[in-house]
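# Results of the structural survey
Take a look at the letters that make up each chain.
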Amino acid sequence: MIIPLFPLESGLFPDGLISLRIFEIRYLDMVKKAIKEKSSFGLIMLKKGNEVRKPGVVEEFMSVGTIAEIIEINTLQPTLILIRCLGKKRFRLLSQERVKYGLWQGEVEIIEDDIVKEIPPNLQPVADSLGKFILSMQQTGVSQDKMPIQPPFRLTESGWVSNRWAELLSINVFCRQKLLEETCPNIRLERVAEYLSSSLGADY
């Protein structure tokens with residue numbers, strides 16, 4: 001399977017949301033094709049390089065990314081489009097090449113969805129904290145289209161909870177990538193708990 005690639009310094013996880021400003025020719029062309037053909041593209045984190053192309057700098061990508069589906073489009077100008085994307089399945093990058101306008105495309109294999117696992121009792125505080133975060137946004141009047149998390153809120157599932165925290169946490173790209181690559185949702189949730197404990201304290 002070959003898909004266009006959109007390298008980022010931050011990441012997207014399955015069922016997650018991300019907003020993107022599209023202004024480079026390579027991505028304007030990619031987005032217009034995706035809209036026309038109702039197709040998706042791959043978001044992948046950068047190991048080296050920048051989101052905006054710079055002369056003499058060749059981007060290097062992480063090994064695992066996420067398929068992005070466009071769910072909202074706002075064309076501000078012919079050369080400026082705002083899109084909102086939903087994370088679908090993860091993929092493993094097998095190879096990549098540059099094509100028209102310097103766009104990257106990659107050969108990928110799809111990674112199976114997480115096995116649904118309930119939150120272990122010792123990690124329940126991680127889910128409770130996420131629930132409180134969602135509730136606080138709702139109580140302060142944040143509209144659903146402005147929230148960084150989309151319902152249904154699957155607060156009993158290790159995979160869903162760990163993915164949402166993985167997007168929210170202030171961690172470096174390599175730590176975030178390790179969470180994305182982890183195939184066991186309970187282990188991913190344990191790592192999230194460690195990050196929360198170190199950044200927010202044991203009670204988070």
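Residues numbered from 1 in each chain as written. Predicted model: local features only at pLDDT ≥ 70, side-chain atom pairs only at ≥ 80, totals over all residues. Heavy atoms only, no water.

Here we come to the packing of aromatic side chains. Any two aromatic rings considered together are summarised by their centre-to-centre distance and by the angle between their planes. Under the defined criterion, the tally for this structure stands at four aromatic pairs. Between Phe6 and Phe41, the ring centres sit 6.2 Å apart and the planes meet at 40°, which makes this aromatic pair tilted. Of this pair, Phe6 sits in strand β1 (residues 2–8) while Phe41 sits in strand β3 (residues 41–48), placing them 35 residues apart in sequence. Side by side, Phe6 and Phe41 carry an identical accessibility label, which is buried. Put simply, the rings of Phe6, Tyr27 and Phe41 touch in pairs and so form one group of aromatic residues. (Phe/Tyr/Trp six-rings, centres within 6.5 Å; stacked < 30°, edge-to-face > 60°. Helix = DSSP H or I, 4+ residues; strand = E, 2+ residues; numbered from the N terminus. Buried < 20%, exposed > 50% of the residue type's maximum accessible area, 1.4 Å probe, protein only.)

So, on to the confidence of the model for the protein. Of the residues in the protein, 95% have a pLDDT of 70 or more, and the chain-wide mean is 92. The weakest mean pLDDT in the protein belongs to helix α5 (residues 185–200) at 91; the strongest belongs to helix α3 (residues 158–168) at 97. (pLDDT = per-residue confidence, 0-100.)

Once that is clear, we can look at the pattern of salt bridges. Inspection of the entire model under this criterion finds 12 salt bridges. The partner of Arg26 in a salt bridge is Glu24, and the shortest N-O contact between them spans 3.2 Å. Of the two residues, Arg26 and Glu24, both sit in the buried class. With a closest N to O distance of 3.0 Å, Lys89 and Asp113 form a salt bridge. (Salt bridge = Lys/Arg side-chain N within 4 Å of Asp/Glu carboxyl O.)

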